[in-house]
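Observations on the model geometry
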Amino acid sequence: MNANLSFKAGLKDVLPTVFGYIGVGLAFGIVAHTSHLSLLMVAAMSFIVYAGSAQFIITSMLLAGNPVSAIIFSTFLVNSRMILMSTSLAQYFRHESMGKNLWLGTLVTDETFALAMNKQNLTNGKLSFHWQNAANLVAYLVWGISTIVGAILGGFIANPEQFGFGFALTAMFIGLVYLQLISDKHLGIPRQLTVMAFVALVYYLSLRVLDANFALLTATILGCLFGMELKKWH
């Protein structure tokens, strides 16, 4: 990765993350198929909902027969972190039109957000629409295709849990955290670990009084505020 912010550079920079999309996408497709979701439903969910963790939750809730209202609310809570991510990214595209900002925000994911944060470390805090759009589009297409292929492969796997497919999403997030730790030279590893420890503590304490999804949202918001204050002190 270098300081180039062209569309072509975006295609190149996002390639390393593609393997994560493929792995988790295949896992979701397999789990969805063994949960009795049709190939059409898998494709529609991937290209419309487009949210790995939420899609796993939707699948399990559909299998359990939960009402649509509960599924929609749970999906909103799980994906509410995207509001924070999109808001954080918006500062880099203030000169772009509202339409372009909405387009980028619609397709941003944990991976492309982390990629953008790493990129701006190399460009003195700058990002371009073309670069971000390229990264988002590749991620979107690879994810959708991977889940469809996974659903097809699911026909040959009776019990995906025995292969640990459910851990695929967790493994991907661990990889993203590691990349963020080693790439952001400005914040430094000790400061980032301090924020992570704070978020983990808040989440643990919040679980005593809140639902898991609300606890996660609370920990995320407070973690952002804590990180901003910590940055001021240094």
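Residues numbered from 1 in each chain as written. Predicted model: local features only at pLDDT ≥ 70, side-chain atom pairs only at ≥ 80, totals over all residues. Heavy atoms only, no water.

1. Details of the overall build of the protein chain
Per the secondary structure count, the protein chain includes 11 helices and 0 strands. The order of α-helices and β-strands along the protein chain, N terminus first, is α-α-α-α-α-α-α-α-α-α-α. Considering only residue pairs separated by 6 or more positions, the protein chain has 76% of its internal contacts joining residues 24 or more positions apart. As displayed, the protein chain offers around 12,700 Å² of accessible surface, 72% of which is attributable to carbon and sulfur atoms. (Helix = DSSP H or I, 4+ residues; strand = E, 2+ residues; numbered from the N terminus. Contact = heavy atoms within 4.5 Å. Areas by Shrake-Rupley, 256 points an atom, 1.4 Å probe, with all protein chains shown as cover.)

2. Let's talk about the pattern of salt bridges
Under the criterion given, the structure shown has 2 salt bridges. Across the pair Asp13 and Lys119 runs a salt bridge, and its minimum N-O distance is 2.8 Å. In this pair, Asp13 is assigned in helix H1 (residues 7–34) and Lys119 in helix H7 (residues 110–120), connecting sequence segments 106 residues apart. Here Asp13 and Lys119 have matching classes, each one buried. A salt bridge links Glu96 to Lys100, with the shortest nitrogen-to-oxygen separation between them at 3.6 Å. (Salt bridge = Lys/Arg side-chain N within 4 Å of Asp/Glu carboxyl O. Buried < 20%, exposed > 50% of the residue type's maximum accessible area, 1.4 Å probe, protein only.)

3. Section: H7
Of all 11 residues in H7, 11 are buried, a share of seventy percent or more. Among the residues of H7, those classed as buried are Asp110, Glu111, Thr112, Phe113, Ala114, Leu115, Ala116, Met117, Asn118, Lys119 and Gln120.

4. Some thoughts on the packing of H1 against helix H8 (residues 129–153)
Running from amino to carboxyl end, H1 crosses H8 at an angle of 25 degrees, the nearest separation of the two axes being 6 Å. If you check the angle between H1 and H8, you find them roughly parallel. For the pair H1 and H8, the sense of crossing is right-handed. Split by residue class, the contact of H1 with H8 holds 21 nonpolar, 9 polar and 1 charged. (Axes fitted to C-alpha atoms, helices over the stretch in contact; angles between N-to-C directions. Parallel < 35°, antiparallel > 145°, perpendicular 65-115°, else oblique. Left-handed = near helix turned anticlockwise from the far one by under 90°. Nonpolar A, V, L, I, M, F, W, Y, C, P; charged D, E, K, R; others polar.)

5. Remarks on the packing of helix H2 (residues 39–49) against helix H3 (residues 52–64)
Close contact between H2 and H3 brings their axes to 11 Å; oriented N to C, the two are set at 140 degrees. With respect to H3, the element H2 is oriented oblique. At the point where H2 passes H3, the crossing takes the right-handed sense. Here H2 contributes Met41, Met45, Ser46 and Val49 to the contact with H3, which in turn contributes Gln55, Ile58, Thr59 and Leu62. Here the contact of H2 with H3 is composed, by residue class, of 5 nonpolar, 3 polar and no charged.

6. Things to note about the environment of Leu77
With respect to the helices and strands, the residue Leu77 is situated in helix H4 (residues 68–79). Note on Leu77: relative accessible area 6%, which makes it buried. Residues Leu77 and Leu216 lie 139 residues apart in sequence; the distance between their C-alpha atoms is 8.8 Å.

7. A short note on the nonpolar core
Phe28, Tyr50, Leu89 and Leu127 are the most contacted members of the largest nonpolar core, which totals 39 residues. Mapped onto this core, the elements with two or more residues apiece are H1, H2, H3, helix H5 (81–90), helix H6 (98–107), H7 and H8. In contact with Tyr50, other than residues within four places in its own chain, are Tyr21, Met45, Gln55, Leu107, Thr109, Asn136, Ala139, Tyr140 and Trp143. (Core = buried A, V, L, I, M, F, W, Y, C linked by side-chain atoms within 4.5 Å.)

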